[in-house]
Amino acid sequence: FSNILRVSETITTIDFSWNKIGKQGAQSLSAVLEHDGVRLETMILHGCSLGPSGAEALAKMLRQNKTITELQIPYNDIGTIGAQAIADMLPNN
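Residues numbered from 1 in each chain as written. Predicted model: local features only at pLDDT ≥ 70, side-chain atom pairs only at ≥ 80, totals over all residues. Heavy atoms only, no water.

A. Summary view of the overall build of the chain. Each helix and strand in the chain was counted, giving 4 helices and 3 strands. Secondary structure elements in the chain, listed N-terminal to C-terminal, are α-β-α-β-α-β-α. Counting over 93 residues, the chain shows a buried share of 40%. Here the analysis covers contacts within the chain between residues at least 6 apart in sequence; of these, 83% occur between residues at least 24 apart. When the accessible surface of the chain is summed, it comes to about 5200 Å², and 51% of that surface belongs to carbon and sulfur atoms. Here the chain contributes 7 positive and 9 negative side-chain charges, whose respective centroids are spaced 6 Å apart. (Helix = DSSP H or I, 4+ residues; strand = E, 2+ residues; numbered from the N terminus. Buried < 20%, exposed > 50% of the residue type's maximum accessible area, 1.4 Å probe, protein only. Contact = heavy atoms within 4.5 Å. Areas by Shrake-Rupley, 256 points an atom, 1.4 Å probe, with all protein chains shown as cover. Lys, Arg positive; Asp, Glu negative; His and termini not counted. Charge placed at Lys NZ, Arg CZ, Asp CG, Glu CD.)

B. Quick peek at the packing of helix H2 (residues 22–33) against helix H3 (residues 51–64). Relative to each other, H2 and H3 sit at 5°, their axes nearing to 8 Å. In terms of axis orientation, H2 runs roughly parallel to H3. On H3, the residues that touch Lys23, Ala26, Gln27, Ser30 and Leu33 of H2 are Ser53, Gly54, Ala57, Leu58 and Met61. A per-class count over the contact of H2 with H3 returns 5 nonpolar, 4 polar and 1 charged. (Axes fitted to C-alpha atoms, helices over the stretch in contact; angles between N-to-C directions. Parallel < 35°, antiparallel > 145°, perpendicular 65-115°, else oblique. Nonpolar A, V, L, I, M, F, W, Y, C, P; charged D, E, K, R; others polar.)

See below:
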């Protein structure tokens, strides 16, 4: 899947909602999306068990990735730490 995202010029949205990707999945996905050339614009991750660490990984990635303009992460128990990581990233994206 990661190779597809790196080379695809047509995938602009991914929806992993209600798949328990957890923090490890968020970290793996973030590692792929940090690279230039990924054209993804929208990530929908409702109820994916991201937790604070997963939100922090996404925030770190979004500091690098300038193509993602929409991130939906409700029902992920990101807590104050995860919310702060996302909020701190916003001025940089």
